[in-house]
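Single-letter residue listing:
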Amino acid sequence: MKKPECWKQLRTRYEEDRPHRMLALDGGGIRGLITLGILEKIESLVGGDSGKKLCDYFDYIAGTSTGAIIAAGLACGMTVSQLIDFYRATGQQMFEHAWLIERIKYFYTADPLKAKLQEVFGSQTNLEPNNLKCLLLVVTKNVTTDSPWPISSNPEAKYNQLDRDDCNLKIPLWQLVRASTAAPVYFPPEVLPWKKDDPSKTFVFVDGGVTPYNNPAFLLYRMATEPAYRLNWKTGEKNLLLISVGTGAAESLGATAAAPNRNIASTVAGLPGELMYGIQVDQDINCRSVGRCTYGAHLDREILDLVPRQVVDGTTTEHQYDAPEIPLLTDLGRRFLYARYNADLSRQGLDSLGFTNIDPASIQKMDAVENIETLLSVGRSAGKKVAAAHFGSFL
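Not measured: the values here are computed from a predicted model.

Caption draft 1: Molecular detail of the pairing of strand β7 (residues 240-245). Within β7, six of the six residues are buried, which leaves the element mostly enclosed by the surrounding structure. Burial along β7 is two-sided: Leu240, Leu242 and Ser244 and Leu241, Ile243 and Val245, pointing in opposite directions, are all buried. Here strand β1 (residues 20-25) runs beside β7; their pairing, made up of six bridges, is parallel. Looking at β7, one finds that histidine 20 is bridged to leucine 240. Direction of pairing for β7 relative to strand β9 (residues 337-341): parallel, over a ladder of five bridges. Its bridge partner being in β9, valine 245 is matched across the sheet by tyrosine 341.

In structure tokens:
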């Protein structure tokens with residue numbers, strides 16, 4: 001379908017009638033290094049000998065919080081290696097709790113993180129098509145309106161019309177990325193003026209990880225296919241691929257029957273991580289139920305991993321889990337093809353990845369910048385699960 005001029009340099013690519021590929025990246029602070037470790041394997045797989053970048057393979061990349069930083073970098077044409085170097089250089093400034101006092105001080109002086117983000121993404125770069133190699137979706141939370149704000153670079157979206165004085169595409173990319181690091185308690189919120197001479201169009205933003213879309217995979221599918229978002233991509237197992245990558249996960253065990261009154265302080269302290277885990281799992285289940293799952297971790301003892309298998313009537317659940325998968329040549333009529341990659345950060349999960357000497361409580365922290373190299377190694381180990389077979393006809 002012929003695209004209007006507003007698509008600019010992306011027009012030829014997106015008016016081609018072909019299957020589309022999407023990539024969704026979770027939030028999780030410095031644990032974004034796990035995501036990068038997995039993406040390293042995906043980049044190698046889809047790039048092959050051609051050296052194709054992820055922005056060349058994926059048509060739409062979404063990210064929340066630390067995932068938004070990575071998504072923005074990829075959409076600008078950065079390689080995974082370049083983003084790893086960026087996290088090594090700026091991880092402390094972005095995620096370490098001790099930088100809170102420094103961030104407050106930088107309200108009145110020069111902010112080195114701001115300068116670094118402008119250096120990487122460009123001080124004038126915004127979401128207009130000529131500035132990106134593929135479509136980008138950044139999930140934020142607008143505190144002023146108390147609502148999630150998924151900001152897309154789709155030039156045909158309602159609030160992306162260039163003749164609007166509050167056009168989303170005109171917001172500096174570096175500032176959206178900076179807002180994505182504004183985790184409540186850790187950092188002050190980011191103030192973004194949509195229309196500089198109209199205070200009613202200036203909003204306060206915090207980390208999108210405190211929305212229901214810390215895992216933005218199902219949101220990305222919806223925004224690519226729901227007519228209200230004006231992209232209208234075709235659905236179907238041969239038409240749409242969705243790859244979702246996490247920042248590591250582990251269940252948080254709480255009160256037991258023997259000790260039902262769990263310490264209230266520890267309960268409150270653990271709420272953010274527990275909510276993020278629950279959100280991640282729920283969005284993952286949505287994708288596996290509506291889409292055709294080709295790979296993903298075991299979810300629970302009732303639904304298992306939701307990978308379609310050849311089940312013989314009368315077999316037990318355990319036997320069903322061991323049954324051969326239904327070949328992808330058999331179209332089951334699902335809305336998209338889907339794979340979910342993540343790292344299990346529990347004691348058992350770390351042992352299975354070969355990290356028997358790592359303390360699970362330490363590696364699960366989202367602000368432990370001293371874990372940068374270890375997190376990257378964990379991600380690379382988890383990335384070994386990535387396989388061409390999971391991508392079906394999209395490779």
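On we go from here.
Caption draft 2: Expanded view of the packing of helix α2 (residues 32-47) against helix α14 (residues 372-382). Contact geometry for α2 and α14: axes closest at 7 Å, N-to-C directions at 40 degrees. Viewed along their axes, α2 and α14 adopt a mutual orientation that is oblique. Crossing angle aside, the handedness with which α2 passes α14 is right-handed. Here α2 contributes Leu33, Ile34, Gly37, Ile38 and Glu40 to the contact with α14, which in turn contributes Ile372, Leu375, Leu376, Val378, Gly379, Arg380 and Ala382.

Caption draft 3: Broad picture of α14. The set of residues buried in α14 consists of Ile372, Leu375, Leu376, Val378, Gly379, Ser381 and Ala382. On its buried face, α14 sits against α2, α5 (80-95), α12 (347-353) and α13 (360-363).

Caption draft 4: Up close: the packing of α5 against α14. Running from amino to carboxyl end, α5 crosses α14 at an angle of 155 degrees, the nearest separation of the two axes being 11 Å. With respect to each other, α5 and α14 are oriented roughly antiparallel. For α5 against α14, the interelement crossing comes out right-handed. Of the residues in α14, those touching α5 at Ile84, Tyr87 and Arg88 are Ile372, Glu373, Leu376 and Arg380. Partitioned by chemical class, the residues of the contact of α5 with α14 number four nonpolar, no polar and three charged.

Caption draft 5: The arrangement of the state of the cysteines in detail. According to the stated counting rule, one finds zero disulfides in the structure shown. The closest cysteine sulfur to the non-disulfide-bonded cysteine 6 is located on cysteine 167, 10.0 Å from its own sulfur. When its relative accessible area of 23% is taken as the criterion, cysteine 6 is described as partly exposed. Here cysteine 134 is not disulfide-linked; the sulfur of cysteine 55 is the nearest cysteine sulfur, at 5.7 Å. Using a relative accessible area of 0% as the deciding quantity, one classes cysteine 134 as buried.

Caption draft 6: Fine view of the side chain of asparagine 215. Structurally, asparagine 215 can be placed in the loop between β6 (202-207) and α9 (217-225). Judged by relative accessible area, which is 0%, asparagine 215 ranks as buried. A polar contact of 3.0 Å, which involves the side chain of asparagine 215, links it to the backbone nitrogen of alanine 217. Only 3.3 Å separates the side chain of asparagine 215 from the backbone oxygen of glutamine 280, close enough to count as a polar contact.

Caption draft 7: Molecular detail of the pattern of salt bridges. Counted by the stated rule, this structure contains 21 salt bridges. The residue glutamate 156 makes a salt bridge to lysine 3 at a minimum N-O spacing of 3.6 Å. Here the residue glutamate 156 occupies a position in the loop between β4 (147-152) and α8 (173-179), and lysine 3 occupies one in the segment before α1 (11-15), the gap between them amounting to 153 residues. On the basis of relative accessibility, which here comes to 9%, the residue lysine 3 falls in the buried class.

Caption draft 8: Spotlight on the environment of serine 346. Assignment of secondary structure puts serine 346 in the loop between β9 and α12. Between the C-alpha atoms of serine 346 and aspartate 359, which are 13 residues apart in sequence, the distance is 9.1 Å.

Caption draft 9: Up close: the side chain of arginine 13. Relative to the helices and strands, arginine 13 is located in helix α1. For arginine 13, the side chain forms a polar contact with the main-chain oxygen of aspartate 56, separated by 3.5 Å. In this structure the side chain of arginine 13 is engaged in a polar contact, spanning 3.0 Å, whose partner is the side chain of aspartate 59. Those residues in contact with arginine 13 that lie beyond four places of it in its chain are Arg18, Cys55, Asp56, Tyr57, Phe58, Asp59, Lys133 and Cys134.

Caption draft 10: Representation of the packing of aromatic side chains within the structure. Under the counting rule described, the total for this entry stands at 16 aromatic pairs. A ring pair is formed by tyrosine 295 and tyrosine 341, whose centres lie 5.4 Å apart and whose planes are at 25 degrees; its orientation type is stacked. In this pair, tyrosine 295 sits in strand β8 (residues 292-295) while tyrosine 341 sits in strand β9, placing the two residues 46 residues apart along the sequence. Accessibility expressed as a relative area gives 1% for tyrosine 341, which makes it buried. Among the aromatic residues, those joined into a ring-pair cluster are Trp7, Tyr14, Tyr60 and Trp233.

Reading the values: rules and limits
- Residues numbered from 1 in each chain as written.
- Predicted model: local features only at pLDDT ≥ 70, side-chain atom pairs only at ≥ 80, totals over all residues.
- Heavy atoms only, no water.
- Buried < 20%, exposed > 50% of the residue type's maximum accessible area, 1.4 Å probe, protein only.
- Helix = DSSP H or I, 4+ residues; strand = E, 2+ residues; numbered from the N terminus.
- Pairing = 2+ DSSP bridges.
- Axes fitted to C-alpha atoms, helices over the stretch in contact; angles between N-to-C directions.
- Parallel < 35°, antiparallel > 145°, perpendicular 65-115°, else oblique.
- Left-handed = near helix turned anticlockwise from the far one by under 90°.
- Contact = heavy atoms within 4.5 Å.
- Nonpolar A, V, L, I, M, F, W, Y, C, P; charged D, E, K, R; others polar.
- Disulfide = S-S within 2.5 Å.
- Polar contact = N/O pair within 3.5 Å; in protein donor to acceptor, adjacent residues only side chain to side chain.
- Salt bridge = Lys/Arg side-chain N within 4 Å of Asp/Glu carboxyl O.
- Phe/Tyr/Trp six-rings, centres within 6.5 Å; stacked < 30°, edge-to-face > 60°.

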